[in-house]
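One-letter residues, chain by chain:
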Protein chains: 2
Amino acid sequence: AMVDKGVDFANYFCTYAFLYHQKEMLSDRVRMDAYFNAIFQNKHHFHGKTVLDVGTGSGILALWSAQAGARKVYAVEATKMSEHARTLVKAHNFEDVVEVIEGSMEDIILPEKVDVIISEWMGYFLLRESMFDSVIFARDRWLKPSGVMYPSHARMWMAPIRSGLGEKKKSDYVEAMDDWYGFMEDTKTHYGVDMSILTKSFEEEQRKYYLQTSLWQNLHPHQVIGTTAVVKEIDCLTATVNDILEVRSNFSSSVTLENSRLCGFAGWFDVHFRGSGNDPARQAIELTTAPSIDNGTHWGQQVFFLHPPISITEGDELKVSFVMIRSKENHRLMEVDLGCEMRQSSGKLLPQVRKRYYIE
Amino acid sequence: AMVDKGVDFANYFCTYAFLYHQKEMLSDRVRMDAYFNAIFQNKHHFHGKTVLDVGTGSGILALWSAQAGARKVYAVEATKMSEHARTLVKAHNFEDVVEVIEGSMEDIILPEKVDVIISEWMGYFLLRESMFDSVIFARDRWLKPSGVMYPSHARMWMAPIRSGLGEKKKSDYVEAMDDWYGFMEDTKTHYGVDMSILTKSFEEEQRKYYLQTSLWQNLHPHQVIGTTAVVKEIDCLTATVNDILEVRSNFSSSVTLENSRLCGFAGWFDVHFRGSGNDPARQAIELTTAPSIDNGTHWGQQVFFLHPPISITEGDELKVSFVMIRSKENHRLMEVDLGCEMRQSSGKLLPQVRKRYYIE
Ligand SMILES: Nc1ncnc2c1ncn2[C@@H]1O[C@H](CSCC[C@H](N)C(=O)O)[C@@H](O)[C@H]1O
Ligand SMILES: Nc1ncnc2c1ncn2[C@@H]1O[C@H](CSCC[C@H](N)C(=O)O)[C@@H](O)[C@H]1O
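The sections below set out a description of the structure shown in this document.

## Here's the deal with the site of ligand 2
Residues and elements named next belong to chain B.
Move 1: The immediate surroundings of ligand 2 are formed by 22 residues, with Arg31, Gly55, Glu77, Met105 and Ser134 found nearest.
Move 2: Take Ala78: an N or O atom from its main chain is 3.1 Å from a nitrogen atom of ligand 2.
Move 3: Backbone polar atom of Met105 to a nitrogen atom of ligand 2: 2.9 Å apart, as the coordinates give it.
Move 4: Contact with the protein chains hides 99% of the accessible area of ligand 2, taken as 570 Å² for the molecule alone.
Move 5: Every element with two or more residues in the shell around ligand 2 is listed here: helix 1 (5–16), helix 2 (19–26) and helix 4 (60–67).
Move 6: For the shell around ligand 2, the per-class residue count stands at 10 nonpolar, 8 polar and 4 charged.

Below, the structure written as structure tokens:
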């Protein structure tokens, strides 16, 4: 599918043109620490090397690469944020090392191949935004055969959770429908038009909005009520776009909590900085967005709620089938198909629950 | 300037594809009453006539036109909302009268010229959204020489006001800047990068967002502290796009309140249904979005705040110069240049205040 550049800018890139938004990412200590440590604890990967920063934003990763001794850094940014990156680079006297290039990764030309590609491309639940496509493109075109990817690996995780937010959304939904019925009455009484024929469509719209859209949460680890599962593993050095177009996983999770309620499933990710097989990191670094008491990130977790919650207890077995594809209307958004079957410790099998979700 | 259709859909039309959004307009009693009365108290304009509804949305105005006896109604809608309009029309057994056409007004072809063009094209402060362009286009192409416009006239109003919202925004702005200074410190201490060079750009961004973006308010009439002025008058039968590309007005306002504060200026509009010179309405109807205790609308007023407020009192004279143009990046948004000079009743002239605003 061809992507209209102008539309992609209006829908996606526009937010990245604001310092306010870059600042949010730059204030995420978990994210920052991981990239900072990955670079400065593995200076051998940068010292004297050529580096490509895919989507440099404010220029932070390019600047760190230069500070770690890179010979040359190409810092590519699609939005006008490139101008701020250039200013920041200059203020640190690295204008001879860091070359900021405004343009789409897919369009621009570099004067040479590079030793390292660094990028912070991860969206909600890893793949939202589909920005990894651009990193793959950059790798296939501009990374030397001996080159290293930063990060080098990525994984998607899921686990059953409990949370009150689902009920909140359910009650918002009920309220929206109540409101509709009042509106229908009024419109009929005052304006002679009977809207009831649109009730089903309105309900679908509201259902999608309140009940089928995955929600951002920074969960407490206690809210995870079963074993966690990896649903996707990505080797950034070899993965193709085709590998990430669809994520498909069947996994099991054992409930680890007594007498609780299964409210839904949370998805998160981690990425790793391990260098490559031939050129490993001296110090492997991990960036995780798992539920955490002190180390929450701006990514949080994406939660797919079940309505209503299901009573469960320790020892129950959940068999989950998960499929995530890109939305046809916008390749940077996702659609999820989630099926869940539960076998109680007594051996009783509950009927499967299936639901469609949207990661918007 | 050419408008990219895909971008215009992503930025503008998308919201209108939701019943939720149409419902908001359909729940605006002031709006609904005005169109309802305009049609049903002037049935002679509709009975046996052909009508074009520009941007039919849910189909409400097309349906009313049919109920008022129209022979044929062409109901044009750019978004998928057209399908709901068709369903609604069918449920009222008007499918032989109302023809719903999905497409842009600028692209579609009608089988005949029409007697009446009806449209609810008004955005915030009348002209935001620039949808009246499409109505002008429709009129010039499809309205019979003897035809009538619904509404037939429109006016933009301004007045000096007091409101606490400006100070709220000011303090939000101050907080955002305080936050930036903390962020700068942290980034320097922990990550060896000095962001101070971007402070000015961040400040500009935040200033634009918090202080220079006009705000929606439903003001109480008591918040209007001076005489009101018409800044633009539009005859919908004759206005050209050129006439509305720019709104330019110099007006005076006398302060009508003792010892108050001038916090800014509010802009609103009214439209009128008077038929045409040759074919006047039997019952002229007005739809006003002026500050009102009981008859607020979803349009509210757009407020342009001065920072800080200025002390004023009864008898002070405000000389205001107002210029509104379309934003270069998005022709549906506006930029405003506002200058204000104050002559105190003592005769003393305060220095002019000038400010740039964005209607986003
Ligand atoms: N195909 C592409 N070409 C160029 N820039 C891209 C791109 N896809 C995404 N981007 C940019 O990549 C950035 C991702 S956000 C990360 C910014 C920065 N590297 C940091 O770590 O703080 C955004 O600024 C976005 O505009
Ligand atoms: N150029 C154009 N062609 C077709 N539809 C347009 C248009 N510009 C705006 N619209 C549509 O016009 C509608 C304006 S909102 C008004 C809806 C309806 N007439 C009512 O009064 O309730 C939106 O649904 C929008 O999608």
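## Comments concerning the relation of the copies chain B and chain A
Move 1: For these two chains of identical sequence, chain B goes onto chain A by a turn of 180° and a shift of 0.0 Å along the axis, with RMSD 0.0 Å. What the superposition gives is, in effect, a two-fold axis relating one chain to the other. By C-alpha distance to the rotation axis, the residue of chain B lying nearest is Val7 of chain B, at 2.3 Å.
Move 2: The residues that chain B uses at the interface reappear at the interface of chain A in 100% of cases, marking a shared surface.

## Quick word on the state of the cysteines
Move 1: Taken as a whole and assessed by the stated rule, the structure comprises 0 disulfides over all chains.
Move 2: Cysteine Cys14 of chain A remains unbridged, with the sulfur of Cys14 of chain B as its closest cysteine sulfur at 11 Å.

## Overview of helix 5 (residues 81–91) of chain A
Move 1: Where helix 5 of chain A is concerned, the buried positions are Met81, Ser82, His84, Ala85, Leu88 and Val89 of chain A. The arc that holds the buried residues of helix 5 of chain A, viewed along the axis, is 160°, so those residues lie on one side.
Move 2: Tucked into the core, helix 5 of chain A has its buried residues touching helix 1 (5–16), helix 2 (19–26), helix 4 (60–67), strand 2 (72–77) and strand 3 (98–102) of chain A together with helix 8 (199–211) of chain B.
Move 3: Where helix 5 of chain A terminates, the next one or two residues include Asn93 of chain A, which has phi positive at roughly 60°.

## Notes on the sheet that holds strand 5 (residues 143–150) of chain B
Residue and element names in this part refer to chain B.
Move 1: The strand order across the open sheet formed by 5 strands is 3-2-1-4-5, and the pairing between neighbours is parallel. Looking at strand neighbours, the two that pair on one side only are strand 3 (98–102) and strand 5, the edges of this open sheet. For this sheet, the mean inter-axis angle between neighbouring strands, taken without regard to orientation, is 20°.
Move 2: Bridge count for strand 4 (residues 114–119) against strand 5 is 4 bridges, and the pairing is parallel. When the sheet's bridge partners are listed, Val116 is paired in strand 5 with Val148.
Move 3: Along the sheet, helix 4 makes contact with strand 1 (50–54), strand 2 (72–77), strand 3 and strand 4, crossing strand 2 at roughly 180°.

Cut-off values and rules
- Residues numbered from 1 in each chain as written.
- Chains lettered and ligands numbered in written order.
- Predicted model: local features only at pLDDT ≥ 70, side-chain atom pairs only at ≥ 80, totals over all residues.
- Heavy atoms only, no water.
- Near = heavy atom within 4 Å.
- Polar contact = N/O pair within 3.5 Å; in protein donor to acceptor, adjacent residues only side chain to side chain.
- Areas by Shrake-Rupley, 256 points an atom, 1.4 Å probe, with all protein chains shown as cover.
- Helix = DSSP H or I, 4+ residues; strand = E, 2+ residues; numbered from the N terminus.
- Nonpolar A, V, L, I, M, F, W, Y, C, P; charged D, E, K, R; others polar.
- Least-squares fit on C-alpha atoms with pLDDT ≥ 70 in both.
- Contact = heavy atoms within 4.5 Å.
- Disulfide = S-S within 2.5 Å.
- Buried < 20%, exposed > 50% of the residue type's maximum accessible area, 1.4 Å probe, protein only.
- Arc of directions from axis to C-beta.
- Pairing = 2+ DSSP bridges.
- Axes fitted to C-alpha atoms, helices over the stretch in contact; angles between N-to-C directions.

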